[in-house]
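Residue-level structural notes
For reference, the chains in residue letters:
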Amino acid sequence: QVQLVESGGGLVQPGGSLTLSCAASTQYPFSSYNMGWFRQSPGKGREFVAAVSRTGAGKTYADAVRGRFTASRDNAKNMIFLNLNDVRSEDTAVYYCAADRNTYPPKLTTEYWGQGTQVTVST
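Residues numbered from 1 in each chain as written. Predicted model: local features only at pLDDT ≥ 70, side-chain atom pairs only at ≥ 80, totals over all residues. Heavy atoms only, no water.

Here we look at the side chain of Arg39
The line we're drawing: Strands are runs of DSSP state E lasting at least two residues, helices are runs of H or I lasting at least four, and both sets are numbered from the N terminus onward. Relative accessibility under 20% of the residue-type maximum defines a buried residue, over 50% an exposed one, and the middle range a partly exposed one, all with a 1.4 Å probe and only protein chains included. Definition of a polar contact: a pair of N or O atoms within 3.5 Å, with one able to donate and the other able to accept a hydrogen when the atoms are protein atoms, and with sequence-neighbouring residues admitted only if both atoms are side-chain atoms. Contacts are residue-level and defined by heavy atoms, with any inter-residue pair within 4.5 Å sufficient.
Locating Arg39 in the fold gives a position in strand β4 (residues 34-40). With a relative accessible area of 5%, Arg39 lands in the buried category. One polar contact links Arg39 to Asp91, side chain to side chain, over a distance of 2.9 Å. Setting aside chain neighbours within four positions, we find Arg39 in contact with Gly45, Arg46, Glu47, Val49, Ala64, Val65, Phe69, Glu90, Asp91, Ala93, Val94 and Tyr95.

Here it is, written out as C-alpha cells:
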C-alpha cells in the first residue's frame, strides 16, 4: 500500500513562486517508486505536470511548465517536491502526487494518488 499526502498549496500572485511537497508512506522502499505530479483545473481532465525517476536522476516535464517548474525528491525523507516559479493564471489547479513502481513517468492509470493540494494564481 502507498499513502501520499500533499501540502504547500495556497494563493500566489502571478509571477510568484510556491513549493509543493508530497510525503509518502510506502510498502516497499520509497526509492523503488517513480513519482509524478499531476494537476486538474475545474472543468478539465487531470493532466501530467512533472515526474522524477527512482533515483532522482531522471526528470520529465510537460511542455506547459518546462523551464518554470522543478521536480525533485529526497529518498531519505520519503518526499518529493515541486517548485513552481513564474506562475500564471493557467497554473491554477489541484495538484496531485502519484507513485508507480513500474512505469516512468507515472501515467493517469497509476494506482496510487494523494488527495491533492489547491494552488490558486490570482491578484
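Having seen the structure, we can now continue with the description.
Re the state of the cysteines
Note the following rule: Disulfides are defined as pairs of cysteine sulfur atoms found within 2.5 Å of each other.
Summed over all chains, the structure comprises 1 disulfide. Residue pairing for Cys22: its cysteine sulfur links by disulfide to Cys97, the two sulfurs lying 2.0 Å apart. Between Cys22 and Cys97 the sulfur-sulfur dihedral comes to about 45 degrees; the bridge is accordingly right-handed. Of this pair, Cys22 sits in strand β3 (residues 18-26) while Cys97 sits in strand β9 (residues 93-100), and the two are 75 residues apart along the sequence. In this structure Cys97 comes out as buried when scored by relative accessible area, which is 0%.

Some details on the packing of aromatic side chains
Selection rule: We call Phe, Tyr and Trp rings a pair once their centres come within 6.5 Å, taking the six-membered ring for Trp, and we label the pair stacked below 30 degrees between planes, edge-to-face above 60, and tilted otherwise. Only when the NZ of Lys or the CZ of Arg is both within 6 Å of the ring centre and within 35 degrees of the ring normal is a charge said to sit over the ring.
Here the structure, examined in full by the defined rule, presents 2 aromatic pairs. Between Phe38 and Trp113, the ring centres sit 4.9 Å apart and the planes meet at 65 degrees, which makes this aromatic pair edge-to-face. Pair noted here: Phe38 is in strand β4 and Trp113 is in strand β10 (residues 112-113), with a separation of 75 residues, a long-range link. For Phe38, a relative accessible area of 1% corresponds to the buried category. Taken together, the ring pairs connect Phe38, Phe48 and Trp113 into an aromatic cluster. If you follow Arg46 out to its NZ or CZ, it ends over the ring of Tyr96, 3.7 Å from the centre. Arg101 extends its terminal NZ or CZ atom over the ring of Tyr28, reaching a point 4.0 Å from the ring centre.

Coordinates in, geometry out; function isn't part of it.
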